[in-house]
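The lines below spell out each chain.
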Amino acid sequence: EDGSQLWLRFPAKNGISPEKIMAKGNSPMLNIARRELTGHWQGQGVELRLEKSLKNLKDGYRITSSSEKIVVSAPKESGLLYGVYHILRLQQTNADLNNLNITEKPSYDVRILNHWDNLDGSVERGYAGHSLWKWEELPDTVSPRYEAYARANASIGINATVLNNVNASPNMLREDYLKKVKVLADIFRPYGIKVYLSVNFSSPKVLGGTENSDPLNKEVQKWWKEKAAEIYKLIPDFGGFLVKANSEGQPGPQDYGRTHADGANMMADILKPYGGIVMWRAFVYSPSKEDRAKQAYLEFVPLDGKFRDNVIIQIKNGPIDFQPREAFNPLFGALKKTPEMVEFQITQEYLGQANHLAYLAPLFKETLESDTYANGKGSTIAKITDGTLRPGKLTAISAVANIGEDTNWTGHQFAQSNWYAFGRLAWNHELTSEQIADEWIKMTFTDKPEFVNPVKQMMLTSRETVVDYMMPLGLHHIFAGNHHYGPEPWGDYKGGRPDWSPVYYHQADAGGIGFDRTQTGSNAVSQYFPPLNEIYGNIRTCPENLILWFHHVPWDYKMKDGKTLWDELCYKYDSGVQQVREYQKTWDRMQSYIDEQRFSEVQSRLKIQAKDAVWWKDACLLYFQTFSKRPVPYDIERPVNELGDLKKIKLNMGHHN
Ligand code: BDP
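Numbering of residues starts from 1 in each chain and follows the order in which that chain's sequence is written. This being a predicted model, a pLDDT of at least 70 is required before a residue's local features are given, and a value of 80 or more before pairs of side-chain atoms are given or counted; all residues contribute to the totals for chains, interfaces and linings.

- Per an unreviewed UniProt entry, the protein carries the name Xylan alpha-1,2-glucuronidase and comes from Chryseobacterium hagamense.

Okay, structure coming up:
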C-alpha cells in the first residue's frame, strides 16, 4: 500500500454489466465513463443522457435516482463523466443512492493546475521527486502515469493543466517539444483536460532570431502568429499561455518600454481566433523603495480596461508570496473591467514542503471568503472571480501543483488531500473544508468514525498549527533565504535585494515588531476598499492574526486576551509545537485502522515536523528575544537549542531566492 491509488479506491470487484448502462454514442470520453462504471459501479442501472436544454450547467450535470436506475444528464459529455465520478464517490463514501436529486454546476470555467516543471526533469519548488513528464522519452514512450494523472484530475473536476514552469524555457515552444506536448494533450483530452503552456516572453528572439521580442514589432508578432498556428495544428483545443513577465528577472514587454497590457494583448489577439486565452501573472515586484506588498496593485490598477477579453490576470492569494498566512491581495476587486483569477500554491514551498502535514483547504477558503468590499459588503474574492459580481467574463482558478514522480504522487501522503481539495473547491467553492476532508479521508483511508473523526480534526487545525510555529500574528517571510524551509529571522542579505531578506519583513527592534503598513508606514492599507482600510489601519480593529502584517507593535502592547504582545508571541509558538505533538499521539492511535506502510510513512514525517516546530520556535523566540529583552513566560517549554547553533544550520537545498 504505497498511496499510488490516491483517493481512487473503488471496490476491487467488478462493476455492473455493460447492458445495465444506457448511453448513446461511442466517443472516447463516453467510453471512459462506461469503463469506470463497468469497472467499479455496483448499484442500480445507469443512464447517461445528453440534454441540450441543460446548457446553463456548462460542465455540470444532474443526477436523479430510484432504486432501479440512476440518471445522469448533462449538456456536454464532460458533464456525464463528472457525474459518473460523482456517483462513484457517493458509493465509495457509503451514501444512500436512492432518491438522489443533485444538480451541479462548476464555480469556474477553467480549473487549472500549474506545474512548475522544467524541461530537464527538475521541478521548481517540487517536493515529490522529479517531473511526471518524461520529456526525454516522449513522444515515443508513454508513461502509464499520464493517463492516471488525467483520471485523477477528471475525478475531481480539474479540466486544465499548464505543463511547465512559469520561469519558462523558450525551448518549450520548439517543434520537437510541441510534438511531445501533443502526445500528452491527446491522452488528457478524453478526460476533459486541456493543455496550456507557460511561455518565455523572449521566445521570438531566442528561437526565431528576431531582432528583439518587442510586442509591437511586426516581426515578433509574425513569429507568435506562426507559432500559434503550429501549436493549434498539433493541438486543436490548446488552451493558451501562462506568462510570467518582468518579474524576478524574467523578460517582458517592459524591456521595450511597453506595458503588461501591450504584451498580453499581442498574444491574446493571436490566440483569439483559436479560442485560446492568456493568463497574465500579477506577481511582479522590483527592488524599489516601495513596499513589495503594494507593487502588483500599483502596476496593474492603471491598466484596468486596457486588456483584451481573453486575457485574465492571475493573482496570488496574498500580495507577498504564498506565506502560511497573508492578508489577501488588494488587487482582488480593484480591477473592475479585467477578469481576475486566484493563484494558490498546493506545493508547500512555505509550509514545510513534503515533510509537514498541512491541509490547505482552510487557507484556500480563507482567501475565497475574504470580503474585498469592492462592490460593497459581500464582495468576496469568490464572487469577484466566479463571475457573480463580474458577469459575462472569463472565469478561472489555478494552483501550483504538488505532483511529481514519487509513487504516492505528492511526497507526503496527506499532501494528496491538497490536490484533492483544490479540485473540489475549483468545482464548488461553497464546499466546506470539513466536507472535503471528510470525503477525502473516507476515500483514501477508511470510513470508520474512530479514524475519520480524529484525523479530520488534525487536518482541519493543521494549517493554523503551521502558522503558529512558523509565523503567527501576521509575521511573514522569515524563512531561510534559498530553500524556504527552515527559519532565518536574522537573515539580512546585505548587498542583495532588501525584499529578499527576512529582516525587511519583521522589522524587529527594541521598540517592537511588525511591518508598519498604515499611514505612518508604507500605507499599503490604502489599497483596500473602505471600511477595510480603516479596519486594517487601526491597531485596535485589525484582526490579531494579521496584526504584525499591518502594524509595528510594541512588545508590551496589550492583546485582546490581556497578554502582552511578547507573551502572546511566545504562547503562539509554543502552541504550534504542542499541537504537532498532539498530532503524533492522534496518529499513533490510528495504527490499527490502516495499512502499515502509509501509517509508518506519516508517522515518521510527523516526527520531522515535531522537531522542525521546535526548531522554528527556538530560532524565532531566541532571536526576537534579543530585541524584546523579556523572559519567555515561565509556564511554557524552555528552548532546547542555542541561537548560535541554529544560525549555523545550512541546509543544502539551494535555490535562487
Ligand atoms: C516564488 C518561488 C519562485 C517562483 C515565484 C513565482 O519562490 O520559485 O518562481 O514564486 O511564482 O514563490 O514566479
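Back to the write-up after that little detour.
## Focus: the overall build of the protein
Step number 1: The number of helices and strands found in the protein is 19 helices and 15 strands.
Step number 2: Whereas a compact globule of 657 residues would reach a radius of gyration of roughly 26 Å, the protein reaches 25 Å, a difference of no more than 12%.
Step number 3: Dimensions of the protein, computed from the C-alpha atoms along their principal axes, are close to 75 × 65 × 50 Å.
Step number 4: Out of the 657 residues belonging to the protein, those deemed buried represent 52%.
Step number 5: Residues are treated as contacting if the C-beta atoms built from their backbones sit within 7 Å of each other. Of all intrachain contacts in the protein linking residues separated by at least 6 positions in sequence, the fraction that spans at least 24 positions is 71%. Strands are runs of DSSP state E lasting at least two residues, helices are runs of H or I lasting at least four, and both sets are numbered from the N terminus onward. Each radius of gyration is computed over the set of C-alpha atoms, and the globule rule expresses the reference value as 2.2 Å times the number of residues to the power 0.38. With C-beta atoms placed from the backbone, the exposure class of a residue follows from how many other C-beta atoms lie within 10 Å of its own: 20 or more, buried; 12 or fewer, exposed; in between, partly exposed.

## With respect to the site of the ligand
Step number 1: We count a residue as near a molecule or strand when its backbone-placed C-beta atom lies within 6 Å of that partner. Close to the ligand lie 11 residues, the nearest being Glu124, Val166, Asn167, Phe283 and Asp321.
Step number 2: Partitioned by chemical class, the residues of the shell around the ligand number three nonpolar, two polar and six charged. Residue polarity is assigned by list, with Asp, Glu, Lys and Arg as charged and Ala, Val, Leu, Ile, Met, Phe, Trp, Tyr, Cys and Pro as nonpolar; anything else, Gly included, falls into the polar class.

## A closer look at helix 18 (residues 596-628)
Step number 1: One less than the number of residues in a helix, times 1.5 Å, gives the span that helix is expected to have. Its 33 residues give helix 18 an end-to-end C-alpha distance of 47 Å, which sits within 8% of 48 Å, the value for a rise of 1.5 Å per residue.
Step number 2: Where helix 18 ends, the next residue or the one after it, Lys629, has phi of about 55°, a positive value.

## Focus on the sheet that holds strand 6 (residues 110-114)
Step number 1: Strands sit in the order 6-7-8-9-10-11-12-13 around a closed barrel of eight strands; the barrel is parallel. For this sheet the average axis-to-axis angle between neighbouring strands, irrespective of direction, equals 25°.
Step number 2: Strand pairing follows a simple DSSP-based rule, namely that at least 2 bridges must link the two strands. As paired strands, strand 9 (residues 240-243) and strand 10 (residues 277-281) are joined by four bridges and run parallel to one another. The residue of strand 10 that forms the bridge with Gly240 is Ile277.
Step number 3: The sheet contacts of helix 11 (residues 416-427) involve strand 6, strand 12 (340-345) and strand 13 (396-400), and relative to strand 6 the element is tilted by about 160°. Interaxial angle, 0 to 180 degrees, is taken between N-to-C directions of lines fitted to C-alpha atoms, where a helix line uses only the stretch in contact.

## Focus on the packing of helix 3 (residues 144-156) against helix 4 (residues 175-188)
Each pair of packed helices gets described by two things: the angle between the helix axes and the distance between those axes.
Step number 1: In contact at an axis separation of 9 Å, helix 3 and helix 4 are set at 45° when each is read in the N-to-C sense. The angle between helix 3 and helix 4 falls in the class oblique. By crossing handedness, the relation of helix 3 to helix 4 is classed as right-handed. In this structure, helix 3 contributes Tyr146, Glu147 and Ala150 to the contact, and helix 4 contributes Leu184, Ile187 and Phe188.
Step number 2: Of the residues assigned to the contact of helix 3 with helix 4, the class counts are five nonpolar, no polar and one charged. Oblique is the label for any angle not covered by the other classes, which are roughly parallel (under 35 degrees), roughly antiparallel (over 145) and roughly perpendicular (65 to 115). The sense of a crossing depends on the near helix, which, turned anticlockwise from the far helix by less than a right angle, makes the crossing left-handed and, turned clockwise, makes it right-handed.

## Points about the packing of helix 6 (residues 218-234) against helix 7 (residues 260-271)
Step number 1: Running from N to C, helix 6 and helix 7 cross one another at 40°; their axes reach a closest spacing of 9 Å. By the angle class used here, helix 6 and helix 7 are oblique. The chirality of how helix 6 crosses helix 7 is right-handed. Where helix 6 abuts helix 7, its residues Gln221, Trp224, Lys225 and Ala228 lie against Met266, Met267, Ile270 and Leu271.
Step number 2: The residue makeup of the contact of helix 6 with helix 7, split by class, is six nonpolar, one polar and one charged.

## Some points on the domain arrangement of the protein
Step number 1: Domain start and stop positions are those given by an automatic or database domain assignment. Domain annotation for the protein reports domain 1 (18-104), domain 2 (110-444) and domain 3 (467-515 + 552-648).
Step number 2: The interface is formed by 11 residues belonging to domain 1 together with 10 residues belonging to domain 2.
Step number 3: Of all the secondary structure elements, the ones that give two or more residues to the side of domain 1 that touches domain 2 are helix 1 (28-40) and helix 2 (77-92).
Step number 4: Top element by residues in the side of domain 1 that touches domain 2 is helix 2. It accounts for six residues.
Step number 5: Residue classes in the side of domain 1 that touches domain 2 are distributed as six nonpolar, three polar and two charged.

## Re the UniProt feature "active site" (unreviewed entry) in the protein
Step number 1: UniProt positions are given in the numbering used here, feature names are shortened, and annotations may be inferred rather than shown by experiment. The UniProt entry lists Glu248, Asp321 and Glu349 under the feature "active site" (unreviewed entry), expressed in the numbering used here.
Step number 2: Structurally, Glu248 is set in the loop between strand 9 and helix 7.
Step number 3: Mapped onto the secondary structure, Glu349 falls in the loop between strand 12 and helix 9 (361-368).
Step number 4: For Glu349, a count of 23 C-beta atoms within 10 Å puts it in the buried group.
Step number 5: Look past the residues within four positions of Glu349 in its chain and what remains in contact with it is Arg125, Phe322 and His484.

## Observations concerning the pairing of strand 6
Step number 1: With five of five residues buried, strand 6 lies mostly within the body of the structure.
Step number 2: Covered by surrounding structure in strand 6 are Val110, Ile112 and Asn114 together with Arg111 and Leu113, the residues of both alternating faces.
Step number 3: Strand direction decides the pairing type here: strand 6 and strand 13, joined by five bridges, are parallel. Paired with Leu113 across the two strands is Ala399, which belongs to strand 13.
Step number 4: With three bridges connecting them, strand 6 and strand 7 (residues 160-162) associate as parallel partners. In the sheet register, Asn114 faces strand 7, and the bridge partner there is Val162.

## What to know about the sheet that holds strand 2 (residues 45-50)
Step number 1: If you trace the five strands from one edge of the open sheet to the other, you get 1-2-4-3-5, paired in mixed fashion. In the strand order of this sheet, the two ends are held by strand 1 (21-23) and strand 5 (101-104), each with one partner. The average angle at which neighbouring strand axes cross in this sheet is 10°, direction not considered.
Step number 2: Pairing between strand 1 and strand 2: three bridges, direction parallel. In the sheet register, Met22 faces strand 2, and the bridge partner there is Glu47.

## Topic: the UniProt feature "domain: Glycosyl hydrolase family 67 C-terminal" (unreviewed entry) in the protein
Step number 1: The positions that UniProt labels "domain: Glycosyl hydrolase family 67 C-terminal" (unreviewed entry) are, in the present scheme, residues 410-635.
Step number 2: What you have in residues 410-635 is 52% helix and 2% strand, and the ends, taken at the C-alpha atoms, are 38 Å apart.

## What about the environment of Ser202?
Step number 1: Looking at the secondary structure, you find Ser202 in the loop between strand 8 (194-198) and helix 5 (203-208).
Step number 2: The sequence separation of Ser202 and Asp214 amounts to 12 residues, and the corresponding C-alpha distance is 8.6 Å.
Step number 3: Leave out the neighbours within four places in its chain, and Ser202 touches Pro170, Ser213 and Pro251.

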